[in-house]
Amino acid sequence: MASTEGHNRPDVDHEFERGLSAPREVRDALLKLRWHGVPTGDVLLVASELVTNVVLHTEHGGRVRAWNGDPVRLEVHDTSSRPPVVKDTQPGGRGLRIIDAICSSWGTTILPTGKVVWAEFDRRSSDGEPTPI
Amino acid sequence: MRFRLGSVDHDSLELTTVAHDEGHAEEHGVRVVLRGEIDVATAPKLTAALDELIAQGARLVVLDAADVEFMDSSGLRVIVQSGTKLSEAGGRLLIDGMSGAVQRVLEIAGMLEQYRAT
């Protein structure tokens, strides 16, 4: 699967098979890290939504890569070139709205072999203000 | 107890029906205690359980979600769909007891006030 240029080695790099247990498996992998300045629950939630989309809407599994930097960045690679759709009536539509609400930015990069949906989280301190670095 | 699911086990979600506490001691009411994770793998179990309770005549279904460690939009879908089924039958779905994970998702979806029991 294509790698994303301009980033260092990911802190989490996890391939998953297409199956209903994939979101849980990915959450377990992400739980092994202490995420800096971002609620762990939010990282798990966004990853779960993205991996669920792969499981429901593509033919194969995929790969999760995550960077515990500033910003925290998640990438979910899959083998379908169809971009995700934000629609409440479709499975996954509510999920993308959740991602939109939590993440500072997210987007899709279409590749010859599929796509990468990426999401970034701004670091925050516990009181919700951006953390000075 | 009038309504029964027994205890439905799944890898990572456990559901148990219990007698209503005093605050919800209404006829046709049932309280379902959830423990574990609600995602694409476990949501169908929750849907099936709620469908079963509705088929048995339950009209006020109270979910106790205090011990739900994780929930994503798969769980949200179950809540919305089962809530709609109950409303159409003249009933209601409420959530009494919310973990932070459940509250976060409902808050983002703008559905916290609609489903919160108190």
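Residues numbered from 1 in each chain as written. Chains lettered and ligands numbered in written order. Predicted model: local features only at pLDDT ≥ 70, side-chain atom pairs only at ≥ 80, totals over all residues. Heavy atoms only, no water.

> Mind showing me how you'd approach the overall build of chain B here?
Across its full length, chain B carries 4 helices and 5 strands. Listing the helices and strands of chain B from first to last along the sequence gives β-β-β-α-β-α-β-α-α. Every one of the 118 residues in chain B was classed for burial, and the buried ones make up 52%. At a minimum sequence separation of 6, the contacts of chain B that also span at least 24 residues come to 65%. For chain B, the accessible surface area stands at approximately 5200 Å², while carbon and sulfur atoms represent 44% of it. (Helix = DSSP H or I, 4+ residues; strand = E, 2+ residues; numbered from the N terminus. Buried < 20%, exposed > 50% of the residue type's maximum accessible area, 1.4 Å probe, protein only. Contact = heavy atoms within 4.5 Å. Areas by Shrake-Rupley, 256 points an atom, 1.4 Å probe, with all protein chains shown as cover.)

> Looking at this structure, I do not really get the interface of chain B and chain A. What am I missing?
In many analyses, interface size is given as the accessible surface area lost on bringing the parts together. Each partner contributes residues to the interface: chain B has 17 residues there, and chain A has 19 residues. Counting each side, the surface lost to burial between chain B and chain A is near 1500 Å², with a carbon and sulfur contribution of 60%. Here chain B and chain A share 4 salt bridges between them. Here Asp-39 of chain B ties to Arg-27 of chain A by a salt bridge, and the two come within 3.1 Å at their closest N and O atoms. If you look at where chain B meets chain A, you find 6 residue pairs in polar contact (both at pLDDT 80 or more). (Buried area = accessible area lost by both parts, 1.4 Å probe. Salt bridge = Lys/Arg side-chain N within 4 Å of Asp/Glu carboxyl O. Polar contact = N/O pair within 3.5 Å; in protein donor to acceptor, adjacent residues only side chain to side chain.)

> Would you mind showing me how to read the sheet that holds strand β3 (residues 72-78) of chain A here?
Each strand in a sheet pairs with its neighbour through backbone hydrogen bonds, running either in the same direction (parallel) or in the opposite one (antiparallel). All names here are of chain A. In spatial order, the strands read β1-β2-β3-β5-β4; together these 5 strands make up an open sheet with antiparallel pairing. On the outer flanks of this sheet lie β1 (12-16) and β4 (105-111), each paired with one strand and no other. Neighbouring strand axes in the sheet, compared pairwise and without regard to direction, differ in orientation by 15 degrees on average. For β1 and strand β2 (residues 62-68), the ladder comprises 5 bridges, and the chain directions are antiparallel. Directly across from Asp-13, in β2, lies its bridge partner Arg-65. Sitting on the sheet, helix α2 (residues 40-57) touches β1, β2, β3 and β5 (114-121), and the angle it makes with β3 is about 10 degrees. (Pairing = 2+ DSSP bridges. Axes fitted to C-alpha atoms, helices over the stretch in contact; angles between N-to-C directions.)

> Hey, could you run me through the packing of helix α1 (residues 22-31) of chain A against α2 of chain A in this one?
The relative placement of two packed helices is expressed as an angle between their axes plus a distance between the axes. Residue and element names in this part refer to chain A. For the pair α1 and α2, the least separation of the axes is 8 Å and the interaxial angle reads 150 degrees. By the angle class used here, α1 and α2 are roughly antiparallel. Of the two possible hands of crossing, α1 and α2 adopt the one that is right-handed. Two secondary-structure elements touch here, α1 through Ala-22, Pro-23, Val-26, Arg-27, Leu-30 and Leu-31 and α2 through Thr-40, Val-43, Leu-44, Ala-47, Ser-48, Val-51, Thr-52 and Val-55. When its residues are assigned to classes, the contact of α1 with α2 shows 10 nonpolar, 3 polar and 1 charged. (Parallel < 35°, antiparallel > 145°, perpendicular 65-115°, else oblique. Left-handed = near helix turned anticlockwise from the far one by under 90°. Nonpolar A, V, L, I, M, F, W, Y, C, P; charged D, E, K, R; others polar.)

> When you look at the packing of aromatic side chains in this model, what are you seeing that I'm missing?
Tallying each qualifying case throughout the model produces 0 aromatic pairs over all chains. The residue whose ring lies beneath Arg-27 of chain A is Phe-70 of chain B, and the NZ or CZ to ring-centre distance is 3.8 Å. (Phe/Tyr/Trp six-rings, centres within 6.5 Å; stacked < 30°, edge-to-face > 60°. Lys NZ or Arg CZ within 6 Å of the ring centre and 35° of its normal.)

> Help me understand empty space enclosed by the protein, please; the structure alone is not making it clear to me.
Any empty space left between atoms is shown by rolling a water-sized probe over those atoms. Residues and elements named next belong to chain B. In this structure the tally under the stated criterion is 2 cavities of 30 Å³ or more. By volume, the largest cavity is sized at about 50 Å³. Among the elements of the structure, β3 (29-38), β4 (60-71) and α2 (73-88) are those that each provide at least two residues to the lining of the largest cavity. Its residues assigned to classes, the lining of the largest cavity comprises 9 nonpolar, 1 polar and no charged. (1 Å grid on protein atoms, 1.4 Å probe; cavity = no way out; pocket = protein on both sides within 12 Å on 5 of 7 lines; lining within 4 Å. Points joined across faces, edges and corners; volume = space filled by probe spheres on them.)

> Sorry, what's going on with the pattern of salt bridges here?
Pairing of side chains with opposite charge becomes possible as their charged atoms draw close. Applying the stated criterion to the full structure yields 14 salt bridges over all chains. In this structure, Arg-73 of chain A engages Glu-120 of chain A in a salt bridge whose closest nitrogen and oxygen atoms are separated by 2.8 Å. With Arg-73 of chain A in strand β3 and Glu-120 of chain A in strand β5, this residue pair connects regions lying 47 residues apart in the sequence. Since its relative accessible area comes to 8%, Arg-73 of chain A is described here as buried. Looking at Glu-120 of chain A, the relative accessible area reads 17%, which means it is buried. When the shortest N-O distance is used, the salt bridge between Asp-51 of chain B and Lys-85 of chain B registers 2.7 Å. One end of the pair, Asp-51 of chain B, is in helix α1 (residues 43-55); the other, Lys-85 of chain B, is in helix α2, with 34 residues separating them in the sequence.

> Would you mind showing me how to read unusual backbone geometry here?
For residues that are not glycine, phi is negative in most cases, and the peptide bond is trans in most cases. Here Asp-70 of chain A and Pro-71 of chain A are connected by a cis peptide whose omega angle stands at 5 degrees. Position of Pro-71 of chain A relative to the elements: it lies in the loop between β2 and β3.

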